[in-house]
Number of protein chains: 2
Amino acid sequence: MLLFYQPEIGNGVHHLNEEESRHAVKVLRLGTGQEIDLTNGQGQFYKARITEAHQKRCGFDISETKTVAPFPVHRHLAIAPTKNIDRLEWFVEKAVEFGVDRITPIICDHSERRIVKRERLHKKAVSAMKQSLKAWFPQIDEAMPYKSFLNQAEADQKFIAYVDNDNTDYLSKLKKASGSHLVLIGPEGDFSENEVRLAIESGFTTVSLGPSRLRTETAAIAAVHLLNL
Amino acid sequence: MLLFYQPEIGNGVHHLNEEESRHAVKVLRLGTGQEIDLTNGQGQFYKARITEAHQKRCGFDISETKTVAPFPVHRHLAIAPTKNIDRLEWFVEKAVEFGVDRITPIICDHSERRIVKRERLHKKAVSAMKQSLKAWFPQIDEAMPYKSFLNQAEADQKFIAYVDNDNTDYLSKLKKASGSHLVLIGPEGDFSENEVRLAIESGFTTVSLGPSRLRTETAAIAAVHLLNL
């Protein structure tokens, strides 16, 4: 099955955007009267028929709507962008496949990369949503400094992934089966001691993601996978 | 910490291979008398001193040996190679980071890719082992046809990841905390019905990896992560 994305359907928009139109009409050569599947990324799947096979503005009529309930757990990952941006984009793709509600790039003391193109992450997320046939599209934030993020971070359970050899419980053990969860994932050089202290002061719990030393994007995927179990 | 790999240490070899020697002496400019960390990929870490800073055959003397117990669960993944080989190589990297004991590429009825360069997977696994500071290197097999693999597959628990809408339990629920586990992951087009039937006849249990539709390499990573929990 092939899924098209039109976030504006709820606002009465009944045509595909330019990129999706080109894909449907020019690449797939779909014509008037043919049926397509759509999502608005906000919990609805639609069956629709093409009314105008326009290469830039492909019109459609919705024949059927199906609503998908949101996941019982709200999964929010705040991750320090990786030095190699491909690894962050890869994380976004995999996170959407598993299921994630919000991704916030955070710039940390030890971050080598301090700039992220939100558009590129958004694009990765869209293709992953279409490929994995999801009806929910995650919120993807602009990168923000670690401290500003901490000051506005809200969740029922707030975790910071940090390998403290003393006594850190596993996320798999601490996370509850419902409510909103937020997990912070540090950069290649890990969080600074000061950042960890600030997080704890802001009500975060330090957690381990397992016995292995994981790269930033691998740790983030482990966290997303655990929140989806 | 930087880790060097010399699988032959157990056989009395006390020099790095050509690639590792070049890296140590030419790239890192390590000299005689300097200390390096090594693993044989078979459960031992070593501290050693460079005795001859040779660019192709860097000699060393071992000063200290530390043994790491194998993981309580033997984790064997048999995966159909992805059409895009980068995705399979990426899986190998992540699987080694999480921890995996054996990887077998299997050629299935719906496999578009039927040839895999074992050397490339091996190389990916070596760099991932060094990067994630593992003392155990996984067995990486040559690709083999699905049926031949089934005929020789042995494990305490044998699973085939297949989304059967009727009644498939989650791997997270079925897998035991010890013993040997084998999980089969199919190609983009999934296993054929015949392949699933053959697996069940060979004592495999069908399992689901979760509610989401996952790409081949993502499903394989989910399986490895679950076996490591």
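J.: Got a minute to help me understand the overall build of chain A in this structure?
T.: Secondary structure assignment for chain A yields seven helices and twelve strands. Expressed as a percentage of its 229 residues, the buried residues of chain A come to 54%. Within chain A, residue pairs in contact and separated by at least 24 positions form 72% of the contacts whose partners lie at least 6 positions apart. As presented, chain A carries roughly 10700 Å² of accessible surface, and 47% of it is formed by carbon and sulfur atoms. If you average the places of the 30 positive and of the 30 negative side-chain charges in chain A, the two averages end up 4 Å apart.

J.: Please explain the nonpolar core as it appears in this structure.
T.: In globular proteins that are soluble, nonpolar side chains generally tend to be buried together. Formed by 73 residues in total, the largest nonpolar core has its most connected members in L77, F91 and I185 of chain A together with L77, F91 and I185 of chain B. If we ignore the near neighbours within four places in the chain, the residues touching F91 of chain A are L77, I79, I103, E217, A220, I221 and V224 of chain A.

J.: Explain the packing of aromatic side chains to me, please; I cannot follow it from the model alone.
T.: What describes a pair of aromatic rings is the distance from one ring centre to the other and the angle between the planes of the rings. Applying the stated criterion across every chain, the model contains five aromatic pairs over all chains. Centroid distance Y146 of chain A to F191 of chain A: 5.6 Å. Interplanar angle 50 degrees. Geometry classified as tilted. Here Y146 of chain A is found in helix 4 (residues 146-152), whereas its partner F191 of chain A is found in the loop between strand 11 (179-185) and helix 6 (193-201), with 45 residues between them in sequence. Take Y146 of chain A and F191 of chain A: they sit in the same class, and that class is buried. Positioned above the aromatic ring of W90 of chain B, the side-chain terminus of K94 of chain A is 5.2 Å from the ring centre.

J.: Sorry if this is basic, but what is going on with the interface of chain B and chain A here?
T.: It is common to report an interface's size as the accessible area lost on association of the parts. Counting residues at the interface gives 21 residues for chain B and 21 residues for chain A. Roughly 2200 Å² is buried in total at the junction of chain B and chain A, and carbon and sulfur atoms are behind 50% of that figure. Applying the counting rule to chain B against chain A returns eight salt bridges. The salt bridge partner of K94 of chain A is E217 of chain B, with a shortest N-O separation of 2.6 Å. At the boundary of chain B with chain A, the tally comes to 19 residue pairs in polar contact (both at pLDDT 80 or more). If you list the elements that add at least two residues to the side of chain B that touches chain A, you get helix 2 (85-98) and helix 7 (216-228) of chain B. Among the residues forming the side of chain B that touches chain A, the class breakdown is eight nonpolar, five polar and eight charged.

J.: It is not clear to me how the relation of the copies chain B and chain A should be interpreted in this structure. Could you clarify?
T.: The operation relating chain B to chain A is a screw motion whose rotation component is 180 degrees, with 0.0 Å of axial translation and a residual RMSD of 0.0 Å. This pairing of chains is accounted for by a two-fold axis.

J.: Explain the pairing of strand 6 (residues 102-107) of chain B to me, please; I cannot follow it from the model alone.
T.: Residues in a regular strand point their side chains to alternate faces of the sheet. All names here are of chain B. Most of strand 6 sits inside the fold, with six of its six residues counted as buried. Taking every second residue as pointing to the same face, both faces of strand 6 are buried, with R102, T104 and I106 on one and I103, P105 and I107 on the other. Where strand 5 (residues 73-79) and strand 6 come together, four bridges link them in parallel fashion. For A78, the partnering residue across the bridge sits in strand 6 and is T104. Read from strand 5 through helix 2 to strand 6, the crossover connection turns out right-handed.

J.: Help me understand the sheet that holds strand 2 (residues 35-39) of chain B in this model?
T.: Sheet strands line up and pair through hydrogen bonds in the backbone, either parallel or antiparallel. Residue and element names in this part refer to chain B. In space, the four strands of this open sheet follow the order 1-2-3-4, with mixed pairing throughout. Looking along the sheet, the strands with just one partner apiece sit at the ends: strand 1 (3-5) and strand 4 (59-67). Neighbour-to-neighbour, the strand axes of the sheet open up by a mean angle of 35 degrees, direction not taken into account. Summarising the sheet, strand 3 (residues 44-52) and strand 4 pair through eight bridges and their orientation is antiparallel. Bridge pairing in strand 4 links Q44 to T67. Where helix 3 (residues 118-131) meets the sheet, it contacts strand 1 and strand 2, and its direction lies at approximately 145 degrees from that of strand 1.

J.: What exactly am I supposed to notice about the domain arrangement of chain A here?
T.: All names here are of chain A. As assigned here, chain A comprises domain 1 (3-67) and domain 2 (73-228). Using C-alpha coordinates to define each centre, domain 1 is positioned 32 Å away from domain 2. Counting residues at the interface gives twelve residues for domain 1 and nine residues for domain 2. With both sides pooled, the region where domain 1 packs onto domain 2 buries about 830 Å², and carbon together with sulfur makes up 64% of that total. Contact with domain 2 buries area across many residues of domain 1, yet L3, Y5 and G41 alone supply 54% of it, more than any other trio.

Rules and cut-offs
- Residues numbered from 1 in each chain as written.
- Chains lettered and ligands numbered in written order.
- Predicted model: local features only at pLDDT ≥ 70, side-chain atom pairs only at ≥ 80, totals over all residues.
- Heavy atoms only, no water.
- Helix = DSSP H or I, 4+ residues; strand = E, 2+ residues; numbered from the N terminus.
- Buried < 20%, exposed > 50% of the residue type's maximum accessible area, 1.4 Å probe, protein only.
- Contact = heavy atoms within 4.5 Å.
- Areas by Shrake-Rupley, 256 points an atom, 1.4 Å probe, with all protein chains shown as cover.
- Lys, Arg positive; Asp, Glu negative; His and termini not counted.
- Charge placed at Lys NZ, Arg CZ, Asp CG, Glu CD.
- Core = buried A, V, L, I, M, F, W, Y, C linked by side-chain atoms within 4.5 Å.
- Phe/Tyr/Trp six-rings, centres within 6.5 Å; stacked < 30°, edge-to-face > 60°.
- Lys NZ or Arg CZ within 6 Å of the ring centre and 35° of its normal.
- Buried area = accessible area lost by both parts, 1.4 Å probe.
- Salt bridge = Lys/Arg side-chain N within 4 Å of Asp/Glu carboxyl O.
- Polar contact = N/O pair within 3.5 Å; in protein donor to acceptor, adjacent residues only side chain to side chain.
- Nonpolar A, V, L, I, M, F, W, Y, C, P; charged D, E, K, R; others polar.
- Least-squares fit on C-alpha atoms with pLDDT ≥ 70 in both.
- Pairing = 2+ DSSP bridges.
- Right-handed = clockwise from strand over helix to strand, strands pointing away.
- Axes fitted to C-alpha atoms, helices over the stretch in contact; angles between N-to-C directions.
- Domains from an automatic or database assignment.

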